[in-house]
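# A look at the structure
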Amino acid sequence: MSLLENLPHKVTIQTRAVTEDAVLGDSETFSNTKTNVKAWVQTASQQDIVLFAQRGFVVTHRVYFSTNEALTEANRILYGSKKLDFRSYADASAGAGILYKVMCEEVTPRKQ
């Protein structure tokens, strides 16, 4: 059995909804779109971090999927206690459509 058939982690994919409020401003809520999705979550490499920083993005993690989850900026990935906001999505298998890589930024709680 190959690694692609047995990715080591399970994640939840969430979708963001924005509610407009004239008094308090916009608020975001997230709902689970898919649960127990097989994935492989890794810390972003230094090369990834530098490449995305040159484009004005912060990335902290990369998440691999063996199916095309068609994620967009409206998605967030939950992995354990980590909340990973979408930054980019690409076929990581040279166009073969067997491995997809999502670059993410971990959401950290705001200090008050």
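Heads up: these notes are all about the structure in this document. As the structure is a prediction and not an experimental result, all values here were calculated from the model. (Residues numbered from 1 in each chain as written. Predicted model: local features only at pLDDT ≥ 70, side-chain atom pairs only at ≥ 80, totals over all residues. Heavy atoms only, no water.)

## Details of the overall build of the chain
When its secondary structure is counted, the chain shows one helix and six strands. Secondary structure elements in the chain, listed N-terminal to C-terminal, are β-β-α-β-β-β-β. Expressed as lengths along the three principal axes of its C-alpha atoms, the size of the chain is roughly 55 × 30 × 25 Å. Within the chain, the fraction of its 112 residues that count as buried is 30%. (Helix = DSSP H or I, 4+ residues; strand = E, 2+ residues; numbered from the N terminus. Buried < 20%, exposed > 50% of the residue type's maximum accessible area, 1.4 Å probe, protein only.)

## A few points about the pairing of strand E2 (residues 27–43)
In the sheet, strand E1 (residues 9–19) pairs with E2 via ten bridges, with the strands oriented antiparallel. For Val-18, the partnering residue across the bridge sits in E2 and is Glu-28. Note that E2 and strand E3 (residues 61–65) share four bridges and pair antiparallel. Looking at the pairing, Thr-43 lines up with His-61 of E3. (Pairing = 2+ DSSP bridges.)

## Here's the deal with the side chain of Asp-48
With respect to the helices and strands, Asp-48 occurs in helix H1 (residues 46–54). Excluding residues that lie within four positions of it along the chain, Asp-48 makes contacts with Val-59, Arg-62, Lys-101 and Met-103. (Contact = heavy atoms within 4.5 Å.)

## Some points on the packing of aromatic side chains
One pass over the structure, following the stated rule, counts two aromatic pairs. With centroids separated by 6.4 Å and ring planes inclined at 50°, the aromatic side chains of Trp-40 and Tyr-64 adopt a geometry described as tilted. Of the two residues, Trp-40 sits in strand E2 while Tyr-64 sits in strand E3, which places them 24 residues apart along the sequence. With a relative accessible area of 13%, Tyr-64 lands in the buried category. Relative to Tyr-100, the ring of Tyr-89 lies with its centre 6.0 Å away and its plane at 10°, an arrangement referred to as stacked. Separated by eleven residues along the polypeptide, Tyr-89 in strand E5 (residues 82–91) and Tyr-100 in strand E6 (residues 100–106) bring together distant segments of the chain. (Phe/Tyr/Trp six-rings, centres within 6.5 Å; stacked < 30°, edge-to-face > 60°.)

## Considerations on the pattern of salt bridges
Oppositely charged side chains are able to pair whenever their charged atoms sit close together. Overall, the coordinates contain seven salt bridges when judged by the stated rule. For Arg-16, the salt bridge identified is with Asp-85, shortest N-O distance 3.5 Å. Separated by 69 residues along the polypeptide, Arg-16 in strand E1 and Asp-85 in strand E5 bring together distant segments of the chain. Assessed through its relative accessible area of 21%, Arg-16 is described here as partly exposed. Relative accessible area serves as the criterion here: at 11%, Asp-85 is assigned to the buried category. Between Lys-82 and Glu-106 there is a salt bridge, and its shortest N-O distance comes to 3.8 Å. Of this pair, Lys-82 sits in strand E5 while Glu-106 sits in strand E6, and the two are 24 residues apart along the sequence. Lys-82 sits in the partly exposed class, given a relative accessible area of 29%. Each of Arg-16, Glu-28, Arg-76 and Asp-85 takes part in one network of salt bridges that share partners. (Salt bridge = Lys/Arg side-chain N within 4 Å of Asp/Glu carboxyl O.)

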